[in-house]
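Listed below, chain by chain, are the residues.
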Amino acid sequence: MKREITNAFGKNFLTISYDARHQWVYNDWQGYQTLESVIQGANACLEVIQQVKCPRLLNDNRQVLGPWEHATDWIAQDWTPRAIALGLTQFAHVVSPESMARLSAEQMYVKINNSFRMQIFDDYQQAAEWLEK
């Protein structure tokens, strides 16, 4: 299963897939993220989590550019409770090497505040290994 999410210009900013072998939903975000793109993409992710009934998410932001702190309140207050209600229990977040995107991830982590098991990683392989434990 693979789902590509595009913006109003037809440019792909998120690819969501279910990895049956590892039993996680994988989000591959790309480029600059607006509040609207985060909401659209995160809601699409919830649809996939619900469809495959998967408790684990690997959120890959290595290709994200710029900050997205404008979406962290929405993620914490709106998306997180719905994700928990759908059974999400583990969230591995791989950060972009771009410092502003990393700061946004750290801000999200603080706002989610132990709602589920979440960890931020610089390395994809470390995130995958943690998620498999």
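Higher on the page you've got the structure.
Nothing here was measured: the structure is a model prediction, and the numbers come from that model.

**Side note on helix α3 (residues 99-112)**
The periodicity of an α-helix, 3.6 residues per turn, causes residues three or four places apart in sequence to face the same way.
Link 1 in the chain: Its 14 residues place the ends of α3 20 Å apart at the C-alpha level, agreeing with the 20 Å of an ideal helix rising 1.5 Å per residue.
Link 2 in the chain: Along α3, the residues classified as buried are Ala101, Ser104, Ala105, Met108 and Ile112. Along the long axis of α3, the arc covered by the buried residues comes to 100 degrees, so they all point the same way.
Link 3 in the chain: Buried residues belonging to α3 abut β4 (56-65), α2 (72-85), β5 (90-94) and β6 (117-121).

**Examining the environment of Gln33**
Link 1 in the chain: The residue Gln33 is located in the loop between β3 (24-32) and α1 (35-52) in this model.
Link 2 in the chain: Given a relative accessible area of 6%, Gln33 falls into the buried group.
Link 3 in the chain: Taking C-alpha positions, Gln33 is 20 Å from Glu47, a pair spaced 14 residues apart along the chain.
Link 4 in the chain: Setting aside residues no more than four positions away along its own chain, Gln33 makes contact with Phe13, Val38, Val64, Leu65, Pro67, Trp68 and His70.

**A word on the pattern of salt bridges**
Pairing between side chains of opposite charge can happen when the charged atoms of each approach one another.
Link 1 in the chain: Counted under the stated rule, the structure contains six salt bridges.
Link 2 in the chain: Among the salt bridges present, the one from Arg82 reaches Asp78, with a minimum N-O distance of 2.8 Å. With Arg82 and Asp78 both in helix α2 and four residues apart, this pair spans about one turn of that helix.
Link 3 in the chain: A residue is classified by how much of its surface remains accessible, and Asp78, at 32% relative accessible area, is partly exposed.
Link 4 in the chain: A salt bridge links Asp122 to Arg102; the shortest N-O distance between them is 2.5 Å. Here Asp122, found in the loop between β6 and α4 (124-132), pairs with Arg102, found in helix α3; they are 20 residues apart in sequence, far enough to count as distant.
Link 5 in the chain: Here the residues in one salt-bridge network are Arg102, Glu106 and Asp122, joined through shared partners.

Calculation criteria
- Residues numbered from 1 in each chain as written.
- Predicted model: local features only at pLDDT ≥ 70, side-chain atom pairs only at ≥ 80, totals over all residues.
- Heavy atoms only, no water.
- Helix = DSSP H or I, 4+ residues; strand = E, 2+ residues; numbered from the N terminus.
- Expected span 1.5 Å × (residues − 1).
- Buried < 20%, exposed > 50% of the residue type's maximum accessible area, 1.4 Å probe, protein only.
- Arc of directions from axis to C-beta.
- Contact = heavy atoms within 4.5 Å.
- Salt bridge = Lys/Arg side-chain N within 4 Å of Asp/Glu carboxyl O.

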